[in-house]
Amino acid sequence: MCGIVAYIGKRQAYPIIVKGLQRLEYRGYDSAGVALLHQGQMNIYKKAGKVTDLIKFAEGKELNGNIGMGHTRWATHGEPNDRNAHPHWSESTIFSIIHNGIIENYAALKEALKSKGHTFTSDTDTEVLIHFIEDIYYAEKVSLEEAVRLALGEIVGAYAIVILSKQDPHKLIAARRASPIVVGVGTDEFFVASDASPIVEYTKNVVYLNDNEIALIDNGKLTVKTIENQVKTPYIQELELQLEAIEKGGYDHFMLKEIYEQPRSIWDSMRGRLDAKTGHLRMGGIAEFEGKFANAKRIIICACGTSWHAGLVAEYLLEDLCRIPVEVEYASEFRYRNPVLFEDDVVIAISQSGETADTLAAIELAKQKGATIFGVCNVVGASIPRATHAGAYTHAGPEIGVASTKAFTAQVAVLTLIALQIAQKKGTITETRFRTLLTELEAIPAKVEAVLKQNDAIKELAARYVDSNNALYLGRGYGFPVALEGALKLKEISYIHAEGYPAAEMKHGPIALIDDAMPVVVIATKGANFEKVVSNIQEVKARKGRIIAIVTEGDKEVRTMADHVIEIPETDDILVPLVSVIPLQLFSYHIAVMRGCNVDQPRNLAKSVTVE
Ligand code: G6P
């Protein structure tokens, strides 16, 4: 979603900002812009399209300045055109602003400002905010930072903002509520961004703003205060992020790199947490809350998108292994439907980015109702891990491709460890099964590696189906969430309409769609539901559907019915998602590349959805 990068210091701001915007491209956006302060002038350039379009547009223009800011916009209010792109001017064009988030009360503010004579050049909520700030600035005769503080006190909604003033070329103001802001602290220079990726190559020292905090960088000094005017001491943290982790490293796309990283990232998600030889399993994050988990009458899982699918796998795992009832909720529905929550409920919030607005709001709601909240997140230090009572990081490393791959498998691995630890604590698993599963888990990275070796065959298969208009993904039991995730991957990046369904449920609707042009991808690995899935395959074949089956190595039965099979190494039924999702990721990837789609930044999608 929208990206922010700003610089103030001794270097030229423009190259840093543009490079930073490119590092933020993965978040998803549809226009970009910059503002640069130079010799009392503020130059703003903005363009619909990609950062490269902005660069072309800015060529030959005044690009000097040691202070500036840039933005990639993912449209919410107003279509993605040049006019609505950020930065936006205040009425008198003294101030300008970039903004992530949504100002919910913008319409009322806009009306009030119009009646005072303000005119607006865009359809955005953001422009209203900077006009409002300027209105206060003149009316109250206060400093810009004070005007910002007063204005934010009146704002309903979410924001991460950066503001510059023509009158004050040594000053940069940033603020946050429910949308992240990181300040990078260099030597006599500062960087501001919506995540650390534009900052990491310049400094490892960062300050994460908390909600309702305003950062003022003025003449080389950073001060932080709350919108209630309380001064805070900035807490400087060291970034763990490595630069290589956010670069493509020889792969054509981040998504492919991330798919290939999975043997390593799954291992990283378990590293130090289990040892099959000694039967040791310890999730540090849940140690303190083990009792809460074990005694929970119910576990509620809240998430969105791919993380929701990981949550569905966790439902099967937790019910299966721990005998605790689990509900998996779309965070966006949960937060608005007055859910019933008890103090002995445990809520697990799953999020790659740790910033998803709906998931964050669901956490706040559950907290208010007294539930214990546990986070499973990938981005260290993000808002969700900071809002939860406890949690476990997935340690998959930065995921840049918008379509989630390695984050999903790391989430599933971590959730499996959590389920195993609770099951052991509750005594709902035998020691033998526990040990077997630990051993199997340790073997997963090698099995994923084995699937990756089939990339060429999967690519050939993708070539056969590249022109499909629809696809159906079927699975039962642990294969069902995988079917959903496989379908999501295909639609996200190739724009082929795809649906995931429980295999048996197919006959209650989707079966009507099946004809000889319809690819039906079936998770048909050996396990509890195998025979049932075989029957479902026959139902598809009877209607001439084209079966692509994910089968266990050595399978003979499905092979006789399916049009194509992809073999995966045998593993325990409950660990099948970790291995069976890999060929589906590759299949979608190759189809999308062959269709000429922008794999890493699919249209309309955002990596980090910071608006509801
Ligand atoms: C967006 C992304 C998805 C992701 C979802 C939830 O829609 O495009 O890939 O699964 O948000 O994000 P989270 O960061 O909370 O896992």
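Residues numbered from 1 in each chain as written. Predicted model: local features only at pLDDT ≥ 70, side-chain atom pairs only at ≥ 80, totals over all residues. Heavy atoms only, no water.

Visitor: I'd like a description of the site of the ligand, backed by residues and values.
Guide: Close to the ligand lie 14 residues, the nearest being Ser307, Ser351, Gln352, Ser353 and Thr356. A distance of 2.6 Å separates an oxygen atom of the ligand from a polar atom in the side chain of Ser351. Ser353 is positioned with one of its side-chain polar atoms (N or O) 2.6 Å from an oxygen atom of the ligand. With the chains in place, 90% of the 380 Å² that the ligand exposes on its own is no longer accessible. In a pocket analysis with a 2 Å cut-off to the grid points, the ligand is assigned to the second largest pocket. The class makeup of the residues in the shell around the ligand is 4 nonpolar, 8 polar and 2 charged. (Near = heavy atom within 4 Å. Polar contact = N/O pair within 3.5 Å; in protein donor to acceptor, adjacent residues only side chain to side chain. Areas by Shrake-Rupley, 256 points an atom, 1.4 Å probe, with all protein chains shown as cover. 1 Å grid on protein atoms, 1.4 Å probe; cavity = no way out; pocket = protein on both sides within 12 Å on 5 of 7 lines; lining within 4 Å. Sits in = over half its atoms within 2 Å of the grid points. Nonpolar A, V, L, I, M, F, W, Y, C, P; charged D, E, K, R; others polar.)

Visitor: Give me the domain arrangement of the protein chain: which residues, what numbers.
Guide: In terms of domain boundaries, the protein chain breaks down into domain 1 (3-245), domain 2 (249-448) and domain 3 (454-598). The centre of domain 1, based on its C-alpha atoms, is set 34 Å off from the matching centre of domain 2. Buried area between domain 1 and domain 2, summed over both chains or domains, comes out near 880 Å², and the portion from carbon and sulfur atoms is 51%. In this assembly, domain 1 and domain 2 are joined by 0 salt bridges. Here domain 1 is connected to domain 2 by 2 residue pairs in polar contact (both at pLDDT 80 or more). The class makeup of the residues in the side of domain 1 that touches domain 2 is 6 nonpolar, 1 polar and 2 charged. (Domains from an automatic or database assignment. Buried area = accessible area lost by both parts, 1.4 Å probe. Salt bridge = Lys/Arg side-chain N within 4 Å of Asp/Glu carboxyl O.)

Visitor: Lay out the layout of surface pockets in plain terms, naming residues and giving numbers.
Guide: Size it by volume and the largest pocket reaches roughly 800 Å³. Taken together, 37 residues make up the lining of the largest pocket; nearest its centre are Leu241, Asn378, Val379, Val380 and Pro398. Within the residue set of the lining of the largest pocket, elements represented by two or more residues are β11 (205-208) and β15 (237-238). Partitioning the lining of the largest pocket into residue classes produces 17 nonpolar, 11 polar and 9 charged. Of the domains in this structure, domain 1 (3-245) and domain 2 (249-448) are the two that each give at least three residues to the lining of the largest pocket. Taken as a whole, the second largest pocket encloses approximately 600 Å³ of empty space. In terms of lining, the second largest pocket is formed by 28 residues, of which the most central are Cys304, Gly305, Thr306, Ala606 and Val609. At the level of elements, α10 (305-322), β20 (345-351), α12 (357-368) and α17 (479-494) are the ones that each hand at least two residues to the lining of the second largest pocket. By residue number, the principal contributor to the lining of the second largest pocket is α10, which donates 4 residues. (Points joined across faces, edges and corners; volume = space filled by probe spheres on them. Helix = DSSP H or I, 4+ residues; strand = E, 2+ residues; numbered from the N terminus.)

Visitor: I'd love a proper account of the sheet that holds strand β9 (residues 182-185), names of residues and values included.
Guide: Taken in spatial order, the 8 strands of this open sheet run β3-β2-β4-β1-β10-β9-β11-β15, and their pairing is antiparallel. At either margin of the open sheet sits one strand with a lone partner, and together these are β3 (41-48) and β15. Direction of pairing for strand β2 (residues 31-38) relative to strand β4 (residues 67-73): antiparallel, over a ladder of 7 bridges. Directly across from Ala32, in β4, lies its bridge partner Thr72. With respect to the sheet, helix α1 (residues 13-23) is in contact with β1 (3-8), β2, β4 and β10 (190-193), its orientation differing from that of β4 by roughly 20°. The sheet strands contacting helix α2 (residues 51-58) are β2, β3 and β4, and the helix crosses β3 at an angle near 135°. (Pairing = 2+ DSSP bridges. Contact = heavy atoms within 4.5 Å. Axes fitted to C-alpha atoms, helices over the stretch in contact; angles between N-to-C directions.)

Visitor: Explain the sheet that holds β20 to me, and be specific about the residues and the numbers.
Guide: With parallel pairing, 5 strands are arranged side by side in an open sheet as β19-β18-β20-β21-β22. The open sheet terminates on both sides in strands that have one partner only, identified here as β19 (326-330) and β22 (390-393). The sheet shows a mean angle of 20° between the axes of neighbouring strands, direction not considered. Of the strand pairs in this sheet, strand β21 (residues 372-377) and β22 are connected by 4 bridges, and their pairing is parallel. When the bridges of β22 are listed, Phe374 appears paired with Ala390. Packed onto the sheet, α12 meets β18 (298-303), β20 and β21 and runs at close to 165° relative to β20.

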